[in-house]
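Chain and residue survey
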Amino acid sequence: MTPKNSALLTIALGTFVSTACASTIFRDEFIDPQLTNWVWLIGNATKTNLNQQFLLSARCGRMDTNNIMATHFAYGRTIQVPEPLANDWTLEGRADLISASETNAWADVHYLWNKLGGAGHLLWKDSDELYLVKWWNGGARMALFLEERLPLKNTNVTLVLGLTRRDSNLEMNVRVLDNDEGNAVLYQRTVTDTPNADPVILNRVGAGPDMLGEAWHLIGGSGYFELCLDWADQDHGPANGMAQITYDNAEVNLCPSPRPYVVAWDQSGGGNSASPYLTNVVAVASGGCHNLALRANGTLAQWDSSGKEYANGLSNVVAITASAVGIGPFPSRCHFLALRADGTVVDWDDLIEVYHERAVPSGLSNVVAVAAGTHSLALRADGTVVAWGDYEQSATNVPPGLSNVVAVAANSLQSLVLRADGTVLAWGDSATNVPSGLSNVVAVA
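Definitions and limits used
Residues numbered from 1 in each chain as written. Predicted model: local features only at pLDDT ≥ 70, side-chain atom pairs only at ≥ 80, totals over all residues. Heavy atoms only, no water. Phe/Tyr/Trp six-rings, centres within 6.5 Å; stacked < 30°, edge-to-face > 60°. Helix = DSSP H or I, 4+ residues; strand = E, 2+ residues; numbered from the N terminus. Buried < 20%, exposed > 50% of the residue type's maximum accessible area, 1.4 Å probe, protein only. Lys NZ or Arg CZ within 6 Å of the ring centre and 35° of its normal. Pairing = 2+ DSSP bridges. Axes fitted to C-alpha atoms, helices over the stretch in contact; angles between N-to-C directions. Core = buried A, V, L, I, M, F, W, Y, C linked by side-chain atoms within 4.5 Å. pLDDT = per-residue confidence, 0-100. Contact = heavy atoms within 4.5 Å.

On to the packing of aromatic side chains. Considering all chains together, one arrives at 11 aromatic pairs under this definition. Consider the rings of phenylalanine 30 and tryptophan 38, whose centres lie 5.9 Å apart with planes at 50°: the pair is tilted. When the ring of phenylalanine 336 is compared with that of tryptophan 348, the centres are 5.4 Å apart and the planes differ by 35°; the resulting orientation is tilted. Remark: tryptophan 348 occurs in strand β24 (residues 345–349) and phenylalanine 336 occurs in strand β23 (residues 335–340); sequence separation between them is 12 residues. By relative accessible area, phenylalanine 336 is classed as buried at 0%. Chaining the aromatic ring pairs together yields one cluster made of Phe26, Phe30, Trp38, Phe54, Tyr75, Tyr111, Trp113 and Phe225. The ring of tryptophan 216 has arginine 165 sitting right over it, with the charged end atom 3.4 Å from the ring centre.

Dropping the structure here:
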């Protein structure tokens, strides 16, 4: 095997050039004082144009776990989408979330179609939780595809929910963008709904198993794009009995969505173009000698600089990373991390050119992000960090009491974390000299 310092690979995920969205179904900056195009759909709610923004107000008590729709409030604007949704096309709705009156006043953007007694998809969000739901039978049946518990900015952000048909599958893309930082991506995740009864998150209020069938059939024809408010406190109602969400700049677009492709090359500029089987790729990572590609269905492709492929058998993966440096006394080995949808982590290397799983800390769970260097880092949903695998140990000595972490990065014997307050902390070999006064940071690498 070639030493890593002379076989570094570079990998890129691209897409074929296409035009901008072929159809803007609507864009509303809420100039109309009466908000005429937005009709009441459910709940004891009112709409108000407040300084050319959409203020949704609702009077309610505590959330009833036996009837969560009792504290669901919505106004909608009619949309007309060609039926069926064309293959490799995306329906994308977005709205700016300006503010919420209380933590338990959840904002959600929502599609509603007159199918299966009322069906659609919705993105729920508050300051530290985010959910992606498919629902049918008028909301009596719901499948929870995504549950995230992490601190996430809840003012002046854009909520984006995109639905893309890929043959018999439906890709559901969720994004949260920071309006105060040039629409920087705060959160992004793609989940694939197959015709099977997909694994979903159970034991949550109102959530049950997925239904069989091609989910893209739920989309199309006459429907609504909704701006909603949900009260989510099971013990108390909102202060003074009133909950409020303020929205701005709502729009829905219908766009062609070409499939991504992968290109890899080495230090000499020589390319080893990925095999044609690499379709529906949503993320890539390059290690010292191997490349990884994450498909939308949660499986992985792995290959080396000669184009030789390696089996790993992993599934339900939502994020990947790869080390570009050797492991301790083994400079010719690199390793990889995969984060699964259930919050667990798989660590493996390229020992003797076969899949070789490495141990992770016992009980490691609720992980939301990973990073790989000579060692491994895992960020938990509660903002704490777990480190392992450093032969020198300097980079795995997590500072006592470290908390409120929102991002992690790793390199050779070095660890780097970003905290929720925008400050950065580093430790390990020659990594402790963070510039004095560094603040307002939004990402680390």
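Anyway, onward from the coordinates.
The next subject is the sheet that holds strand β6 (residues 72–81). Paired through backbone hydrogen bonds, the strands of a sheet run either parallel or antiparallel to each other. Judged by pairing direction, the sheet is antiparallel, and its seven strands sit side by side in the order β3-β6-β15-β8-β9-β10-β11 without closing on themselves. In this open sheet, the two strands that pair with only one neighbour each are β3 (39–42) and β11 (141–149). This sheet shows a mean twist of 25° between the axes of neighbouring strands, independent of strand direction. Bridge count between β6 and strand β15 (residues 221–231): 10 bridges; the pairing is antiparallel. Paired with isoleucine 79 across the two strands is glycine 223, which belongs to β15.

Attention shifts here to the nonpolar core. Across soluble globular proteins, nonpolar side chains have a tendency to be buried as a group. Ranked by internal contacts, the top residues of the largest apolar core, which has 57 residues, are Trp38, Phe54, Phe225 and Leu227. Counting 13 residues, the second largest nonpolar core, distinct from the first, contains Ala285, Leu294, Ile320 and Val346.

Next up on the list: the confidence of the model for the chain. When pLDDT is averaged along the chain, the result is 85, and 84% of the positions lie at 70 or above. The low-confidence segment residues 16–20 (pLDDT under 50) makes six contacts with residues lying over four places distant or belonging to another chain.

Its place among the elements puts glycine 220 in the loop between β14 (184–193) and β15. Here glycine 220 falls in the buried class, since its relative accessible area comes to 3%. In this structure, the C-alpha to C-alpha distance between glycine 220 and tryptophan 113, residues 107 residues apart in sequence, is 7.4 Å. Contact partners of glycine 220, with chain neighbours within four places excluded, come to Val81, Pro82, Glu83, Trp113 and Lys115.

To continue, consider the pairing of β23. In terms of burial, β23 is largely enclosed, as five of its six residues are buried. Pairing of β23 with β24, which is carried by five bridges, proceeds in the antiparallel orientation. The partner of histidine 335 across the bridge, within β24, is aspartate 349.

Turning next to the sheet that holds strand β31 (residues 424–428). With antiparallel pairing, the three strands of this open sheet are ordered in space as β29-β30-β31. Pairing within the sheet leaves two strands with one partner each, and these edge strands are β29 (405–411) and β31. Mean inter-strand twist for the sheet, computed between neighbouring axes without regard to direction, equals 15°. Bridge count between strand β30 (residues 414–419) and β31: five bridges; the pairing is antiparallel. The residue bridging serine 415 from the neighbouring strand is tryptophan 427, located in β31.

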